[in-house]
Amino acid sequence: MITIISAIAQNRVIGSNQGLPWHIPEEYQQFLDQVKGNTVIMGRKSWEIFGADLPETRFIVISSKKSVSKGIKTVASMEEAIDQAKTFREKIFIAGGAMIYKEGLKFADRMHLSYIKGEYNGDVFFPDFKPDDWLLTKSKEHSEFTYKEFTKSKVR
């Protein structure tokens, strides 16, 4: 299973000035708990921002650079990242940024999305996706966000 995981404001913002435009510890802890001990695919910029916060997590970074850091697997494409991730036999999460999510939508079986209550200024947006391609399988209200899990629909 390949899962896209993200927090998204009502106006689809996912980032601002190389970080998150909100501070919601409960949502961030939920993210950390889900990816811990698994494989996370992300772009170089996302890894530089969030990578240090994710101990006990295996990273595969998609980047045009040869290597982003010692001990971090760097690949040139989503296909290569997924092929490498499958060899670890762990859950696979795609965790941003925007271009990585857009490419990842083609491969993902599931999405875990935290819909942040409110609109935020930002410069990075979650890509459009076809809601008809996804079935809502879980929804849980929190004070500052609504957590939803989706599974890719078999009908296209």
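Here, every reference points to the structure presented above.
Below is a short write-up of the structure. Here the residue numbers are simple positions, counted from 1 along each chain's written sequence. For this predicted model, a pLDDT threshold of at least 70 governs which residues receive local features, and a threshold of 80 or more governs which side-chain atom pairs are given and counted, while totals over whole chains, interfaces and linings are taken from all residues. Note that water and hydrogens are dropped before the side-chain values are worked out from all heavy atoms of the structure.

## A look at the sheet that holds strand 6 (residues 92-94)
- A sheet is described by the order of its strands in space; here eight strands give the open sequence 5-4-3-6-1-7-10-9, paired in mixed fashion. Since the sheet does not close on itself, it has two edges, and those belong to strand 5 (73-75) and strand 9 (134-141), each with one partner. Taken pair by pair, the neighbouring strands of this sheet meet at an average axis angle of 25 degrees, ignoring direction.
- For two strands to pair, DSSP has to find at least two bridges joining them. Think of it this way: any DSSP run of H or I at least four residues long counts as a helix, any run of E at least two long counts as a strand, and we number them from the N terminus. Across five bridges, strand 3 (residues 39-43) lies against strand 4 (residues 58-62) in parallel orientation. Within the sheet, the bridge partner assigned to I41 lies in strand 4 and is I60.
- Relative to strand 10 (residues 145-152), helix 1 (residues 25-35) is tilted by about 30 degrees, and along the sheet it contacts strand 1 (2-8), strand 3, strand 6, strand 7 (110-116) and strand 10. Here an angle of 0 to 180 degrees is reported between the N-to-C directions of two axes, which are lines fitted to C-alpha atoms, with helices fitted over the stretch in contact. The contact criterion used is simple: two residues touch if any of their non-hydrogen atoms lie within 4.5 Å.

## Remarks on the pattern of salt bridges
- Basic side-chain nitrogens of Lys or Arg form a salt bridge, by our definition, when they fall within 4 Å of a carboxyl oxygen of Asp or Glu. Applying the stated criterion across every chain yields a total of six salt bridges.
- Here K106 and E103 are joined by a salt bridge, their closest N and O atoms 3.1 Å apart.
- The exposure class of E103 is partly exposed, given its relative accessible area of 24%.
- With its nearest N and O atoms 2.8 Å apart, the salt bridge here joins E141 to K117. Linking E141 in strand 9 with K117 in the loop between strand 7 and strand 8 (124-125), this pair joins segments that are 24 residues apart in sequence.
- Each residue is placed in one exposure class: buried if its accessible area under a 1.4 Å probe, protein chains only, is under 20% of its type's maximum, exposed if it is over 50%, and partly exposed if it falls in between. Taking the relative accessible area as the measure of exposure, E141 reaches 53% and is therefore exposed.
- K117 gets classed as partly exposed once you look at its relative accessible area, which sits at 38%.

## Topic: the nonpolar core
- By nonpolar core is meant a set of buried Ala, Val, Leu, Ile, Met, Phe, Trp, Tyr and Cys residues that side-chain atoms within 4.5 Å join together. Counting residues in hydrophobic clusters, the biggest one holds 23 residues, and the most contacted among them are I4, I41, I94, M111 and F126.
- Secondary-structure elements contributing two or more residues to this core are strand 1, strand 4, helix 3 (78-86), strand 6, helix 4 (98-104) and strand 7.
- Per element, the largest residue contribution to this core is four residues, and it comes from helix 3.
- Apart from the residues within four sequence positions on either side, I4 is in contact with I94, Y101, G104, L105, A108, R110, M111, H112, L113 and F126.
- In terms of nonpolar packing, the next biggest core, distinct from the first, is built from 13 residues, I5, V40, L54 and A95 among them.

## Some remarks on helix 1
- Looking only at helix 1, the buried set comprises E27, Q30, F31, L32, Q34 and V35.
- On the buried face of helix 1, the contacting elements are strand 1, strand 3, strand 6, strand 7 and strand 10.
- Directly beyond the C-terminal end of helix 1, a positive phi value near 80 degrees is found at G37.

## Here's the deal with helix 3
- Turning to helix 3, its buried residues number three or more, namely M78, A81, I82 and A85. One face of helix 3 carries all of its buried residues, which in axial projection span an arc of 95 degrees.
- Those residues of helix 3 hidden inside the fold are in contact with strand 1, strand 3, strand 4, strand 5, strand 6 and helix 4. This arc is built from the directions going out from the helix axis to the C-beta atoms.

## As for the environment of A98
- Note that A98 resides in helix 4.
- Assessed through its relative accessible area of 21%, A98 is described here as partly exposed.
- Between the C-alpha atoms of A98 and V124, which are 26 residues apart in sequence, the distance is 6.4 Å.

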